[in-house]
Amino acid sequence: MRRTWRYFLLAWALLLYPGCGPDSPQPAPLVTNRINSEAELSVCFQNHNFNSFIPSELHFYNEAQALELVFNTLVKADHAGHLSPDLAASWEISNNRLEYTFHLRPEARFSNGSPLSSKDVIFTLEQLIRRWGNENEFSCIAGATDFAQGKSHVVSGLEAVNNHCLRIHLVRPFNIFLHLLASKATSIIPVNYAGKSLDEFRRQPVGTGPFHLEKELEKVNVKHQPFSKLSFHRRDDYFAGPPSLKRVHIFLPQDTPRANTLYFFDVFLPPEGFAVSTFPRQSHRIISTAPDVQVFLTLNPSPTNPDALSREWRHIMQFGIDRQQLIADLGLERSVLPAYTIMPVSLFGHNRYFRLNPERASRARRQLPPTARRVVNVTIYPRHVSLINALNKQMAPFGLRLESDIIPLEPYYAGMRDPQRQAMIVRGVADYPHAYNFLYQLYSGNGLLNYFNHANPRIREAIERLPLGNIRLQAQLLEQLADLCAEDAWYIPLYFVSDSFVLKFHVNPLGFKFGGIIDFHSIEVNHESFHGSD
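In this text, all values refer to a predicted model and were calculated from it rather than measured experimentally. (Residues numbered from 1 in each chain as written. Predicted model: local features only at pLDDT ≥ 70, side-chain atom pairs only at ≥ 80, totals over all residues. Heavy atoms only, no water.)

## Structural notes on the pattern of salt bridges
Between side chains of opposite charge, a pair can form as their charged atoms come close.
Consideration 1: In the structure shown here, the tally under the stated rule is 14 salt bridges.
Consideration 2: R105 is the partner of E107 in a salt bridge, and the nearest nitrogen-oxygen pair spans 3.9 Å.
Consideration 3: Taken together, the shared-partner salt bridges connect E40, E214 and R247 into one network. (Salt bridge = Lys/Arg side-chain N within 4 Å of Asp/Glu carboxyl O.)

## A closer look at the confidence of the model for the chain
Consideration 1: Considering every residue of the chain, the mean pLDDT works out to 81; 83% of them sit at 70 or more.
Consideration 2: Within the chain, the element-level pLDDT minimum falls on helix 1 (residues 4-16), averaging 29, and the maximum on strand 5 (residues 99-104), averaging 98.
Consideration 3: Throughout residues 1-36 the model reports pLDDT below 50, and contacts reaching past four residues in sequence, or to other chains, amount to 84 contacts.
Consideration 4: Segment residues 528-533: pLDDT under 50, and 15 contacts once partners within four positions in sequence are set aside and those in other chains are kept. (pLDDT = per-residue confidence, 0-100. Helix = DSSP H or I, 4+ residues; strand = E, 2+ residues; numbered from the N terminus. Contact = heavy atoms within 4.5 Å.)

## What about the sheet that holds strand 19 (residues 500-504)?
Consideration 1: Pairing is mixed in the open sheet, where seven strands are placed in the order 8-9-10-1-11-19-12. Bordering the open sheet on either side are strand 8 (211-222) and strand 12 (284-288), each of which pairs with just one other strand.
Consideration 2: Here strand 11 (residues 267-268) runs beside strand 19; their pairing, made up of two bridges, is antiparallel. Its bridge partner lying in strand 19, F268 is registered against V502.
Consideration 3: Across the sheet, helix 2 (residues 61-70) is in contact with strand 8, strand 9 (225-234), strand 10 (247-253) and strand 19; its angle to strand 10 comes to roughly 170°. (Pairing = 2+ DSSP bridges. Axes fitted to C-alpha atoms, helices over the stretch in contact; angles between N-to-C directions.)

## Side note on helix 2
Consideration 1: Most of helix 2 is tucked away, with nine of its 10 residues classed as buried.
Consideration 2: Within the sequence span of helix 2, burial applies to N62, E63, A64, Q65, A66, L67, E68, L69 and V70.
Consideration 3: Residues of helix 2 that are buried in the fold lie against strand 8, strand 9, strand 10, strand 19, strand 20 (512-513) and strand 21 (517-518). (Buried < 20%, exposed > 50% of the residue type's maximum accessible area, 1.4 Å probe, protein only.)

## Comments concerning the packing of aromatic side chains
Consideration 1: With the rule as written, the count across this model stands at 18 aromatic pairs.
Consideration 2: With a centroid separation of 6.0 Å and an interplanar angle of 85°, the aromatic rings of F251 and F264 are classed as edge-to-face. Of this pair, F251 sits in strand 10 while F264 is found in the loop between helix 7 (259-262) and strand 11, placing the two residues 13 residues apart along the sequence.
Consideration 3: Ring plane angle 85° and centroid distance 5.4 Å describe the contact between Y443 and Y491, whose orientation is recorded as edge-to-face. Within this pair, whereas Y443 is found in helix 14 (residues 435-443), its partner Y491 is found in strand 18 (residues 491-497), the two being separated by 48 residues in sequence.
Consideration 4: An aromatic cluster is present here, built from F71, F123, Y193 and F201 joined pairwise through their rings.
Consideration 5: Just above the ring of W490 sits the side chain of R314; from NZ or CZ to the centre is 3.9 Å. (Phe/Tyr/Trp six-rings, centres within 6.5 Å; stacked < 30°, edge-to-face > 60°. Lys NZ or Arg CZ within 6 Å of the ring centre and 35° of its normal.)

## What about the pairing of strand 1 (residues 40-44)?
Consideration 1: Counting buried positions along strand 1 gives five out of five residues, so the element sits mostly inside the fold.
Consideration 2: Neither face of strand 1 is exposed, since E40, S42 and C44 on one face and L41 and V43 on the opposite face are all buried.
Consideration 3: Note: strand 1 against strand 10, five bridges, orientation parallel. Bridged to S42 within strand 10 is H249.
Consideration 4: The sheet contact formed by strand 1 and strand 11 spans two bridges and is parallel.

## Considerations on the sheet that holds strand 7 (residues 165-169)
Consideration 1: The strand order across the open sheet built from four strands is 4-5-7-6, with neighbouring strands paired in antiparallel fashion. The two strands at the open ends of the sheet, each matched to only one other strand, are strand 4 (88-93) and strand 6 (158-162). Between one strand axis and the next, the sheet turns through 20° on average, direction left out of account.
Consideration 2: Where strand 4 and strand 5 come together, five bridges link them in antiparallel fashion. Bridge pairing in strand 5 links A88 to L104.
Consideration 3: Helix 3 (residues 118-132) contacts strand 5, strand 6 and strand 7 of the sheet and is inclined by roughly 170° relative to strand 6.

## What about the packing of helix 8 (residues 311-320) against helix 11 (residues 358-367)?
Consideration 1: Direction vectors running N to C along helix 8 and helix 11 enclose 160°, while the axes themselves pass 8 Å from each other. Between helix 8 and helix 11, the crossing angle belongs to the class labelled roughly antiparallel. Viewed along their axes, helix 8 and helix 11 form a crossing whose handedness is left-handed. Along the contact surface, helix 8 presents E312, H315, I316, F319 and G320, while helix 11 presents P358, R360, A361, A364, R365 and Q367.
Consideration 2: Residue classes in the contact of helix 8 with helix 11 are distributed as five nonpolar, three polar and three charged. (Parallel < 35°, antiparallel > 145°, perpendicular 65-115°, else oblique. Left-handed = near helix turned anticlockwise from the far one by under 90°. Nonpolar A, V, L, I, M, F, W, Y, C, P; charged D, E, K, R; others polar.)

## Structural notes on the side chain of N392
Consideration 1: Secondary-structure assignment places N392 in helix 12 (residues 385-395).
Consideration 2: Apart from the residues lying within four places of it in its own chain, the contact partners of N392 are R401 and L402.

## A few points about helix 11
Consideration 1: Within helix 11, burial applies to A361, A364 and R365. The arc that holds every buried residue of helix 11, seen down its axis, measures 100°, which confines them to one face. Seen from the buried face of helix 11, the exposed residues on the opposite side, beyond 90 degrees, are E359 and R366.
Consideration 2: Looking at the buried positions of helix 11, the neighbouring elements they touch are helix 8. (Arc of directions from axis to C-beta.)

## Observations regarding unusual backbone geometry
Consideration 1: At Y193, a position not held by glycine, the phi torsion is positive, near 55°.
Consideration 2: Relative to the helices and strands, Y193 is located in the loop between helix 5 (177-180) and helix 6 (198-203).
Consideration 3: Backbone geometry places N453, a non-glycine residue, at a positive phi of 55°.
Consideration 4: With respect to the secondary-structure elements, N453 resides in the loop between helix 14 and helix 15 (457-465).

## Structural notes on the nonpolar core
Consideration 1: By size, the foremost hydrophobic cluster in this structure holds 149 residues, and its most contacted members are F102, I141, I168, F177, F232, I425 and Y495.
Consideration 2: It is helix 3 that contributes the most residues to this core, seven residues altogether.
Consideration 3: Apart from residues lying up to four places away in sequence, Y495 is in contact with V293, Q294, V295, L326, I327, L330, L332, V336, L337, P338, A339 and L387.
Consideration 4: If you look at the next biggest cluster of nonpolar residues, it comprises 10 residues, including C44, F227, F264 and F268. (Core = buried A, V, L, I, M, F, W, Y, C linked by side-chain atoms within 4.5 Å.)

And the structure:
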């Protein structure tokens, strides 16, 4: 394995090219010669979690995939975080990086026929600021804090120059502001939800994307197994050219699907632990995303959880877990990477030198008083029972034990921010097109993955100081930031996973956007297909 600094160079070469500098990009050429077909595509994901089409309420991976069909963002990011124009045909950034001017595509329209305008973008950002409160990435926009606190009815930093030109004023430079605007959560929605109520829009979205929702969420059976199904129809007036697929059907299983049921789908994301190698290679191909999903233990800093407030207690787990042995005990050696730091693998590289430190874990145990409680309750759903057992095997020599509070998947997710929980196993990556945002979400009070509202201003400031243009300085600061995160130890990294999609051979290889989101607009199939339900 190459030395760590080479991983930095590789990661940042991928993340920084192109579209991250102040120069205005050229508009992406519009595709006008795509061949329309009657092909339909059925896609099956791992679970049935789906609550809303409102982008600011994004929580589940399934929702991000559906948003990709219906909405666009101002700028977009590919699988490596490269930025390019989307609804904004071009933009300029002032020399002091406090003013962003976006020029919107005049040909972009919502699925109800209304043209896109700068007022729609302002409305979208206002809803995000209102929903996420005054401590989030958008607090860098002038007037955002006053708006979130109800002191102002408008965000002073959002300026509609004209119908197709928008200017955003910041109170401080934020190097990853453009990347933030490529998040699925910042997908542009029409002013006042196109006249719909919030509940109506959650079920019946209106967006600028390549497809529109044809059928609301419905219950169906496939091979005598229950699924929820969403159906989307191609938009022939899409500004970047119509997709080649006529329809896309998303299936969300109510229970773990059987292998013979999965054969029904053109594309599917197998359940965790499913042996994808069992599918015949003459009819299926396997495509894996980058290992950008991290599984980690998050601890509650609430005063009701006094054990976690002890840094020594947290350090026992942070430095005492052998991640390599952990994935061996779980039988995952071929499919995951050990996570030695909470920092994303796409940002820090797979740093094998960031190892466990059992001597330090033992020293931390000796520093705890003899009366210190040795048990912590971890809320999990059934899939993570074996993980807790493997962790307990490693914690036993230190006299600590994790006790499982096992609950079904749906209430587990519904109560992610329950302050009574002492700890949780969290799986996921914030759906942002830059690894900086993952860390920012963990250490901002209202961060998407910060379920226990733990804020560390020192780490947040370190993230904000990381420069986008100086790779050598970034490498030095990232080492320091990794140490800060390890010392903080509210998040205990365990391992990285990648998702493996299985495709029938008539589906051309998938393209992905950042975070394993399928680029449905670019999918093509080699023959017409039809899928229904039994």
